[in-house]
Amino acid sequence: MNFAGFPLHSGLLQTPPPWLRDAVRDMRTRYPNDAFDVVGRLALNPSTGGHVTIFRLVCGDCPGKQCHPGPGETIAEFERHLLNHRHRNRVHARLQPRRSFL
């Protein structure tokens, strides 16, 4: 799992917290064929005026599917998505070799 791919904006973007890194590592072990990633973006913290990194899980097989994980919820909502039949069908279709009819 490589979180070094985050684009850094003046060095403000943080790495994911340990609980999220561990949960994603575990999910990658259980769902090795699924395409998902952790994406971070900077947001303004209104109480401090500083910046905070907001993380979300993004599905590479289902356009537009993302989840904002929290430490109490871990990533259960996103894992339910990975078990969804539409997602499973998309993963299966991606993994099938493409045939050329020419």
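Residues numbered from 1 in each chain as written. Predicted model: local features only at pLDDT ≥ 70, side-chain atom pairs only at ≥ 80, totals over all residues. Heavy atoms only, no water.

Take the overall build of the protein next. Of the regular secondary structure elements, the protein holds 3 helices and 3 strands. For the protein, with 102 residues in total, the buried portion stands at 29%. Nonlocal contacts in the protein, meaning residues at least 24 apart in sequence, comprise 47% of its contacts between residues at least 6 apart. Accessible surface, the protein: about 7,000 Å² in total, of which carbon and sulfur atoms supply 53%. (Helix = DSSP H or I, 4+ residues; strand = E, 2+ residues; numbered from the N terminus. Buried < 20%, exposed > 50% of the residue type's maximum accessible area, 1.4 Å probe, protein only. Contact = heavy atoms within 4.5 Å. Areas by Shrake-Rupley, 256 points an atom, 1.4 Å probe, with all protein chains shown as cover.)

Before going further, it helps to spend a moment on the environment of Asn45. With respect to the helices and strands, the residue Asn45 is situated in the loop between β1 (36–44) and β2 (51–59). With relative accessibility at 23%, the residue Asn45 sits in the partly exposed group. Those residues within four positions of Asn45 in sequence are excluded, and the remaining contacts are Gly50 and Val52. A polar contact of 2.8 Å, which involves the side chain of Asn45, links it to the side chain of Ser47. (Polar contact = N/O pair within 3.5 Å; in protein donor to acceptor, adjacent residues only side chain to side chain.)

On average, residues of the protein score 83 in pLDDT, and 80% of them reach the 70 mark or higher. Every residue in residues 1–10 is under pLDDT 50, and counting partners more than four places away or in other chains gives 17 contacts. (pLDDT = per-residue confidence, 0-100.)

This next bit is on the sheet that holds β1. With respect to topology, 3 strands assemble into an open sheet ordered β1-β2-β3, the strand pairing being antiparallel. Across the chains shown, the open sheet's two edge strands, defined by having one partner strand only, are β1 and β3 (66–67). In this sheet, β2 lies alongside β1 in antiparallel orientation, the contact comprising 9 bridges. Opposite Asp37, over in β2, you have Val58 as the bridge partner. (Pairing = 2+ DSSP bridges.)

All right, on to the packing of aromatic side chains then. What the rule picks out here adds up to 1 aromatic pair. Considering the side-chain rings of Phe36 and Phe78, the 5.8 Å spacing of their centres and the 65 degrees angle between planes classify their relative orientation as edge-to-face. Of this pair, Phe36 sits in strand β1 while Phe78 sits in helix α2 (residues 76–83), and the two are 42 residues apart along the sequence. This pair shows no difference in class: Phe36 is buried, exactly as Phe78 is. Seen from the ring of Phe36, Arg28 lies directly overhead, with NZ or CZ sitting 4.8 Å from the centre. (Phe/Tyr/Trp six-rings, centres within 6.5 Å; stacked < 30°, edge-to-face > 60°. Lys NZ or Arg CZ within 6 Å of the ring centre and 35° of its normal.)

What follows covers the pattern of salt bridges. Scanning the entire structure with this criterion turns up 6 salt bridges. Here Arg88 ties to Asp34 by a salt bridge, and the two come within 2.8 Å at their closest N and O atoms. Separated by 54 residues along the polypeptide, Arg88 in helix α3 (residues 85–95) and Asp34 in the loop between α1 (18–30) and β1 bring together distant segments of the chain. Accessibility expressed as a relative area gives 28% for Arg88, which makes it partly exposed. A salt bridge links Arg94 to Asp61, with the nearest nitrogen and oxygen atoms 2.5 Å apart. Linking Arg94 in helix α3 with Asp61 in the loop between β2 and β3, this pair joins segments that are 33 residues apart in sequence. For Arg94, a relative accessible area of 39% corresponds to the partly exposed category. Accessibility expressed as a relative area gives 10% for Asp61, which makes it buried. Look at the salt bridges and you will find they share partners, linking Asp26, Arg30 and Glu79 into a network. (Salt bridge = Lys/Arg side-chain N within 4 Å of Asp/Glu carboxyl O.)

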